[in-house]
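Structure at a glance
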Amino acid sequence: MLDADPELAARARYGLAWTSSSAGRHDDAADHLATLLERRNLDPTLAASACELLIWTHHERGDPRAAQGAWTLLAQRIDDTARLLDGAFTVSAAWASSESPGEASAFWEGVA
């Protein structure tokens, strides 16, 4: 059924990622989101939401470098300062709680 409707399949994959992340299965969520973001012709709104969830998922996984990479993907896809700043705060929090908290400052310098 999902193969017949690529849009529905994309939304279902996002739902799987959301559910996985909410259940603490962050590696599964990251895999679902990576697969989703590889799709061609992905709805821009869904792509931006997937990037935001990927930032959060990597934050929860304790992987600030990956969270920063997901933020970069988001910045390439949207021109929405508020959403970009929300994502940036999540990346900064990931760096702050990592073994390299000083990277948070470097990240913000790049954002500015």
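Attention in this report is confined to the structure presented alongside it. All values derive from a computational prediction rather than experimental measurement.

How each quantity is defined
- Residues numbered from 1 in each chain as written.
- Predicted model: local features only at pLDDT ≥ 70, side-chain atom pairs only at ≥ 80, totals over all residues.
- Heavy atoms only, no water.
- Helix = DSSP H or I, 4+ residues; strand = E, 2+ residues; numbered from the N terminus.
- Expected span 1.5 Å × (residues − 1).
- Buried < 20%, exposed > 50% of the residue type's maximum accessible area, 1.4 Å probe, protein only.
- Contact = heavy atoms within 4.5 Å.
- Polar contact = N/O pair within 3.5 Å; in protein donor to acceptor, adjacent residues only side chain to side chain.
- Salt bridge = Lys/Arg side-chain N within 4 Å of Asp/Glu carboxyl O.

**Examining helix 5 (residues 81–96)**
Working note: α-helix, 3.6 residues per turn, so residues spaced by three or four point in the same direction. Across its 16 residues, helix 5 extends 22 Å between first and last C-alpha, which sits within 8% of the 22 Å expected from 1.5 Å per residue. Within helix 5, the full set of buried residues consists of Leu84, Gly87, Ala88, Thr90, Val91, Ser92, Ala94 and Trp95. Of the surrounding elements, those touching the buried residues of helix 5 are helix 3 (44–61), helix 4 (64–77) and helix 6 (103–111). The N-cap residue of helix 5 is Asp80: its side-chain oxygen and the backbone nitrogen of Ala82 are 3.2 Å apart.

**As for the pattern of salt bridges**
In a structure, side chains of opposite charge can pair up when their charged atoms sit close to one another. Throughout the structure, instances matching the rule amount to 5 salt bridges. In this structure, Arg11 and Glu7 form a salt bridge, with 3.1 Å as the shortest nitrogen-oxygen distance. Of this pair, Arg11 and Glu7 both sit in helix 1 (residues 6–22), 4 residues apart, which is roughly one turn of the helix. Note that Asp43 and Arg11 form a salt bridge whose closest N and O atoms lie 3.8 Å from each other. Here the residue Asp43 occupies a position in the loop between helix 2 (26–37) and helix 3, and Arg11 occupies one in helix 1, the gap between them amounting to 32 residues. The exposure class assigned to Asp43 is partly exposed, which follows from its relative accessible area of 23%. One continuous salt-bridge network, built from bridges that share partners, spans Glu7, Arg11 and Asp43.

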